[in-house]
Each structure stands twice: as structure tokens, then as C-alpha cells.
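Close look at the chain arrangement
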Amino acid sequence: MARTRHLESRPHSARWIGLACGLAIATVSLAMGSSAHQDLDPAPGTDAERPIAPRRIGYGIELGYGAGIAPRDKQRGRDVSGVQTLSIQPRLRVLLADAGDGSAWYHGRLEGTLAGLLLMNFDPQFGAGGGALAGLRYALRPTARLQPYCDGAIGVGGLGFDLQSQANGLAFFIQAGFGARWRLDEKHSLTGALRWQHISNAQTKSPNAGIGTLGFQLGIDFW
């Protein structure tokens with residue numbers, strides 16, 4: 001009986017994998033199309049003399065791992081606390097504004113972000129989900145080689161983890177974290193971040209224990 005249920009759930013997971021892949025491809029295509037029209041040739045001068053122009057568009061991709069956590073009583077001892085997830089997030093970034101002139105440590109740059117999300121779960125059984133997220137990122141020392149940042153995002157999509165304590169279907173995503181960007185050159189940067197994620201359907205369907213994960217993400221940014 002359990003095997004029959006597992007086989008029947010696969011089309012549901014496959015549907016969300018297809019949806020998430022489509023959103024991810026669309027995000028990357030939009031990002032590459034936008035950045036193709038930019039002049040990315042470096043101007044003469046040092047990094048300090050060459051601030052990045054406001055409204056400049058960039059893109060990137062991040063791979064992440066998350067382990068289930070159970071901060072609330074209704075999550076403890078249930079299968080939502082044992083998830084092990086792998087995420088792929090293509091990301092489009094727009095520089096919105098400069099905050100300060102760089103004379104203080106807290107001066108930085110505010111970016112808007114739009115990301116596609118493909119999420120795969122490997123424990124207690126295989127499942128998938130995905131969607132799209134919009135958010136903000138604030139980066140310190142924007143002209144330096146090492147740029148610490150904090151960010152957050154919210155989004156909507158679908159879930160097909162086939163868990164006992166979290167229903168499949170409509171899902172809302174919340175992410176927050178902090179990390180750093182390491183500039184390799186004028187066009188490329190490596191990124192690393194610690195990130196918390198919460199997934200819920202906002203009580204639109206039962207059960208809804210909520211899935212919380214804590215993990216890390218590694219990626220590359222292009223300007």
C-alpha cells in the first residue's frame with residue numbers, strides 16, 4: 001500500500017519539478033538578455049575611483065543545502081524536521097540606490113532581486129518544489145573586493161515533498177540570511193551565505209506544520 005502511494009505521488013513531484021525548471025530558465029533568460037545590452041568594459045582607474053553606476057543589472061546562480069529545524073512545538077518529532085534539501089536559484093539583480101558616500105562602515109548599496117527556485121528534498125523521501133521570489137539585498141563596501149551583505153526574499157510556488165505533516169500544493173517561501181561577495185574581477189564575483197528558509201501554505205490546506213531549514217548557499221555573480 002505504501003509503495004502504491006509512493007508511485008502515485010511521483011507525477012505530482014514531477015509536475016512541480018517541471019514548473020520550477022521553467023521558472024528558473026525564464027529567470028536566467030531574462031537576466032542574460034538584459035545584461036547583453038550593458039557596457040561591461042572596465043573604465044580606467046582603481047576600484048575606489050570606479051563606483052558601479054546605479055540601476056545596473058546583473059545576474060547569477062546559487063546552489064544551496066538546507067537541513068530541517070524545528071523551532072515550534074508542532075514541528076518537533078515530525079517529518080518536516082528531518083528534511084534535507086538541495087536548492088538551485090538563478091538570480092537577477094538590479095542596483096537600486098547607494099546609501100552614503102562610503103566614508104562610514106555601514107554605507108553600502110541596495111539591490112533588488114528576482115530569483116527562480118528549484119528545491120529538491122532527499123529525506124525522509126524524494127520530493128520537489130519550486131517557485132519565484134522577490135527580495136532585497138544590502139551590500140557593504142560595494143567598491144571593495146570583499147563585500148559583506150544581508151538579504152531577504154518572499155515568494156510563491158508549489159510543493160511536492162509528499163510529507164505526512166506538510167500538504168503538497170500551493171506554497172509560500174520566506175528566506176533571510178547573510179553572506180559575502182568576493183570580486184574576482186570587474187565582471188565576476190563568488191558568493192557564499194548562511195540562509196534560513198521557511199515554507200508554508202498559510203493554512204490554506206491541512207496539514208501545515210511548516211518546513212524550516214538552515215543551511216548555506218554558494219554561487220557566482222555576473223555583472
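Quick summary incoming for the structure in this document.

Rules of the game
Residues numbered from 1 in each chain as written. Predicted model: local features only at pLDDT ≥ 70, side-chain atom pairs only at ≥ 80, totals over all residues. Heavy atoms only, no water. Helix = DSSP H or I, 4+ residues; strand = E, 2+ residues; numbered from the N terminus. Contact = heavy atoms within 4.5 Å. Areas by Shrake-Rupley, 256 points an atom, 1.4 Å probe, with all protein chains shown as cover. Pairing = 2+ DSSP bridges. Axes fitted to C-alpha atoms, helices over the stretch in contact; angles between N-to-C directions. Core = buried A, V, L, I, M, F, W, Y, C linked by side-chain atoms within 4.5 Å. Buried < 20%, exposed > 50% of the residue type's maximum accessible area, 1.4 Å probe, protein only. Patch = residues over 30% accessible without salt bridge, like charges linked within 9 Å, V, L, I, M, F, W, Y side chains within 5 Å. Salt bridge = Lys/Arg side-chain N within 4 Å of Asp/Glu carboxyl O. Polar contact = N/O pair within 3.5 Å; in protein donor to acceptor, adjacent residues only side chain to side chain.

Quick notes on the overall build of the chain
When helices and strands are tallied, the chain shows one helix and eight strands. Counting from the amino terminus, helix and strand elements in the chain follow one another as α-β-β-β-β-β-β-β-β. Put simply, 67% of the contacts in the chain that link residues at least 6 apart link residues at least 24 apart. As displayed, the chain offers around 11,000 Å² of accessible surface, 66% of which is attributable to carbon and sulfur atoms.

A few points about the sheet that holds strand β3 (residues 108-121)
As summarised here, the arrangement of the eight strands in space is β1-β2-β3-β4-β5-β6-β7-β8, forming a closed barrel in which the pairing is antiparallel. Each strand of the sheet is rotated relative to its neighbour by a mean of 25°, with strand direction disregarded. One ladder, built from eleven bridges, connects strand β1 (residues 57-69) with strand β2 (residues 84-99); its direction is antiparallel. The residue of β2 that forms the bridge with Tyr65 is Leu86.

Observations concerning the nonpolar core
Leu119, Leu159, Phe161, Leu163, Phe173, Ile199 and Ile211 are the most contacted members of the largest nonpolar core, which has 14 residues in total. Of all the secondary-structure elements, those providing two or more residues to this core are β3, β5 (146-160) and β6 (169-183). Contacts of Ile199, omitting those with residues within four sequence positions, involve Leu119, Leu159, Ala171, Phe172, Phe173, Gly210 and Ile211.

With respect to the pairing of strand β7 (residues 188-200)
When β6 meets β7, the two strands line up antiparallel, connected through twelve bridges. Across the sheet, the residue bridging to Gly177 is Arg195, located in β7. Hairpin geometry of β6 and β7 is characterised by an intervening segment of four residues between the two adjacent antiparallel strands. As judged from the twelve bridges shared by β7 and strand β8 (residues 211-222), these two strands associate in the antiparallel manner. Opposite Ala193, over in β8, you have Gln217 as the bridge partner.

Overview of a nonpolar patch on the surface
Taken together, the side chains of Tyr65, Phe178, Leu194, Phe216 and Leu218 define a hydrophobic patch exposed on the protein surface, amounting to about 520 Å² of accessible area. Within the fold, Leu194 resides in strand β7. By relative accessible area, which is 48% here, Leu194 ends up partly exposed.

Quick notes on the side chain of Arg181
Summarising the element assignment, Arg181 is placed in strand β6. In this structure the side chain of Arg181 is engaged in a polar contact, spanning 3.3 Å, whose partner is the side chain of Glu111.

A short note on the pattern of salt bridges
Taken as a whole, this structure holds 13 salt bridges when the rule is applied. Measuring nitrogen to oxygen at the nearest pair gives 2.1 Å for the salt bridge that ties Arg76 to Asp73. Taking relative accessible area as the criterion, Arg76 reaches 45% and is therefore assigned partly exposed. Residue Asp73 is classed as exposed on the basis of its relative accessible area, which comes to 63%. For Arg137, the salt bridge goes to Asp151, with nearest N and O atoms at 3.2 Å. Highlighted residues: Arg137 in strand β4 (residues 127-140) and Asp151 in strand β5, separated in sequence by 14 residues. Each of the two residues, Arg137 as well as Asp151, counts as buried. Here the salt bridges do not stand alone but share partners, grouping Glu62, Arg91, Arg93, Glu111, Arg137, Asp151, Arg181, Arg195 and Asp221 into one network.

Such coordinate-based values are descriptive only and should not be taken to indicate function.
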